[in-house]
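One-letter residues, chain by chain:
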Amino acid sequence: MRTLVLNAAYEPIHLVTWEKAMCLVVTAKAEIVAEYDEVVRSVSRIYKLPSVVRLKSYVRTFRRTMNSRCTRRNILLRDQLTCQYCSQRMNQHNITIDHVKPRCHGGGTVWNNVVAACHPCNRKKADLTPEQAGLRLIRTPRSPTWIDLLEEAHRELINSWLPFITNKTG
Ligand SMILES: [Zn+2]
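Everything in this summary refers to the structure shown in the same document. (Residues numbered from 1 in each chain as written. Predicted model: local features only at pLDDT ≥ 70, side-chain atom pairs only at ≥ 80, totals over all residues.)

### A word on the overall build of the protein chain
For clarity, the threshold we go by: Under the DSSP-based scheme used, a helix requires at least four consecutive residues in state H or I and a strand at least two consecutive residues in state E, with every element numbered from the N terminus. Burial is judged by counting other C-beta atoms within 10 Å of a residue's own C-beta: 20 or more means buried, 12 or fewer means exposed, and anything between counts as partly exposed, with every C-beta placed from the backbone.
Helices and strands together make up the secondary structure of the protein chain, namely seven helices and six strands. Listing the helices and strands of the protein chain from first to last along the sequence gives β-β-α-β-β-α-α-β-β-α-α-α-α. When each of the 170 residues of the protein chain is scored for burial, the buried share is 24%.

### Overview of the nonpolar core
Across soluble globular proteins, nonpolar side chains have a tendency to be buried as a group. Spelled out, the test is: Only buried Ala, Val, Leu, Ile, Met, Phe, Trp, Tyr and Cys residues enter a nonpolar core, and they are joined through C-beta atoms within 7 Å. Residues are treated as contacting if the C-beta atoms built from their backbones sit within 7 Å of each other.
Judged by nonpolar contacts, I75, C83, Y85, I95, V114, V115, A116, A117, C118, C121 and L135 together constitute the single largest core of 11 residues. Tallying contributions element by element places strand β6 (residues 114-118) first for this core, with five residues. Those residues within four positions of V115 in sequence are excluded, and the remaining contacts are D79, Q84, D98, V100, L137 and P141. Within the second largest apolar cluster, nine residues are counted, among which are L4, L24, V52 and V53.

### Here's the deal with the environment of N7
Relative to the assigned elements, N7 resides in the loop between β1 (2-6) and β2 (12-17). The spatial distance from the C-alpha of N7 to the C-alpha of L55 is 4.9 Å, given a sequence separation of 48 residues.

### A few points about the pairing of β6
Heads up, the condition is: The rule for pairing is simple: two strands pair if DSSP sees at least two bridges between them.
In terms of residue burial, β6 counts as a mostly covered element, since five of its five residues are buried. Burial along β6 is two-sided: the residues V114, A116 and C118 and V115 and A117 are all buried. For strand β5 (residues 95-99) and β6, the ladder comprises five bridges, and the chain directions are antiparallel. If you follow D98 over to β6, its bridge partner there is V115.

Laid out in structure tokens, this is it:
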């Protein structure tokens, strides 16, 4: 189980294991904001596992603390392994990174210029702009939010966290 950690201003910071979250609570560095139904038993007590904890001290938020660098891994997480031209879902081994404005025309590896693309779309696009290649982006690439960079396995937990991350996603 993972626990969402908020800073003192209720802004999401990162995810930790529930054990780490319990540590933060036991050492009075954090307080429990929400709990799972699952419990853990110690010799004398039953504890509910924390789903959200809030740090008592202020910690800088996502933009500076989370790894939001424009790397292949993060681009694929943001685009959910989906070709941004034909919507086809790929796996991490058969998907490529496309520069919307081609590198040879000065397009940089920055969030608003890189997208996940399947091989056929990437070949078709080559060193052209999408318009020239007759391709259309399914959405405009942008900097990822905090949620965008969560591993897929953790996204199922988002529902219980939504009240705490709405409008606070980076
Ligand atoms: Zn494609």
